[in-house]
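# Coordinates in review
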Amino acid sequence: MRPDVRRWLDRRTFTADTWQAADLVAAKRARGSTVSVVLPALDEERTVGAIVAAIRAALVERCPLVDEVVVVDSGSSDRTAEVAAAAGACVVSVDTVLPRHGARPGKGEALWKSLHATHGDLLVFVDADLIAFDPGFVVGLLGPLLTDPGIGYVKALYDRPLTTTDGIVPSGGGRVTELLARPLLNAFWPELAGFVQPLSGEYAGRRELLEQVPFVSGYGVELGLLVDLVALAGLDALAQVDLGTRQHSHQADAALGRMAGQILQTALARRPGGERPHSELLQFLRTADGLEGVSWDVGVVERPPMRSVRDAERRPGRRA
């Protein structure tokens, strides 16, 4: 292991039970901070309501650590928006945020637009498909930000049980991480090799940092943020927190392949030269007539840093 990675692991890896919500409320008040929790969601009516309700009960009503809970709906075809609103979230449609900039498909678009739709100077992002959600996830992610001004971005780490036909494999999730993201980071950005879950959907950051980096529109957003933030702020400004166990729905291998394609596109665009590779991914299905090739476009679009968008919006003489 590289010495700098070992030092970082020793200094910047924490456990969620280090902090209690009440103590962080006092730290938040002392610093005059505000906190927004964001859930990007697409067809998650089965889980989003319970997550929102748990956050509001524990961290808004019982202990005022969180100031707003915002669900950014990416055009769900089910009752995601209604369920989230009934649970107490502020629900915004991705299409209504910055409409002059249009809309792009993908999770990263919802995260980027959430910067415009929220008010907190600290933002916590939580995936909307979590099962048996623990509000302690939010507490753990906020702990380093509220107690160490030198930390600007915090990633979750956890075990990811994988449900199979033979039962639950305790740590079988994270297949794209182990087969693609970790080898990429170790090869090209070895300073980031200490992140246990580089693609985790739970993380928190300071708005002042998040608004200075681009957001990739698709599933490459998490890797893109890591690479861009370490370049902007340095490794010591990044941390990770062990949240224990995270349970969520799992995708089929073909869907994971398309996710991996977007992550690879994001990584290669950040290599010297930045030339984007061919964006077509060809997958195969076996049908009654034999093998059938199916093409997917796994290209990604990068949204500019939100700070530049805000500056342009304020510029005198801006065209409508």
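One can find the structure itself at the top, above this paragraph.
In short, a report on the structure. This structure is a prediction, so every number in the text was calculated from the model and none was measured. (Residues numbered from 1 in each chain as written. Predicted model: local features only at pLDDT ≥ 70, side-chain atom pairs only at ≥ 80, totals over all residues. Heavy atoms only, no water.)

Before going further, it helps to spend a moment on the nonpolar core. L192, F215 and L238 are the most contacted members of the largest nonpolar core, which has 48 residues in total. Take this core: its biggest share by element is seven residues, from helix 9 (residues 221-233). If near-sequence neighbours (up to four positions away) are discounted, L192 is found in contact with L185, L226, V227, V230, L235 and L238. Core analysis: the second largest hydrophobic core is formed by 46 residues, V83, V124, F137 and L141 among them. (Core = buried A, V, L, I, M, F, W, Y, C linked by side-chain atoms within 4.5 Å. Buried < 20%, exposed > 50% of the residue type's maximum accessible area, 1.4 Å probe, protein only. Helix = DSSP H or I, 4+ residues; strand = E, 2+ residues; numbered from the N terminus. Contact = heavy atoms within 4.5 Å.)

To continue, consider the packing of helix 2 (residues 21-31) against helix 6 (residues 136-147). Put simply, helix 2 and helix 6 touch, their axes get as near as 10 Å, and they point 40° apart. Helix 2 and helix 6 meet at a crossing whose hand is left-handed. Residue-level inspection shows A21, L24, A27, K28 and R31 of helix 2 in contact with helix 6, the latter providing V139, L142, G143, L146 and T147. The class makeup of the residues in the contact of helix 2 with helix 6 is six nonpolar, two polar and two charged. (Axes fitted to C-alpha atoms, helices over the stretch in contact; angles between N-to-C directions. Left-handed = near helix turned anticlockwise from the far one by under 90°. Nonpolar A, V, L, I, M, F, W, Y, C, P; charged D, E, K, R; others polar.)

With that out of the way, let us pick up helix 6. Helix length check: helix 6, at twelve residues, gives a terminal C-alpha distance of 16 Å against a target of 16 Å (1.5 Å per residue), a fit within 8%. Helix 6 sits mainly inside the fold: ten of its twelve residues count as buried. All buried positions along helix 6 are accounted for by F137, V138, V139, G140, L141, L142, G143, P144, L145 and L146. (Expected span 1.5 Å × (residues − 1).)

What follows concerns the pairing of strand 10 (residues 203-206). Every second residue of strand 10 is oriented toward a common face, with Y203 and G205 on one face and A204 and R206 on the other, all of them buried. When strand 5 (residues 122-125) meets strand 10, the two strands line up antiparallel, connected through four bridges. Counted as the bridge partner of L123 is G205 from strand 10. With three bridges joining them, strand 7 (residues 153-159) and strand 10 adopt antiparallel strand pairing. Counted as the bridge partner of V154 is A204 from strand 10. (Pairing = 2+ DSSP bridges.)

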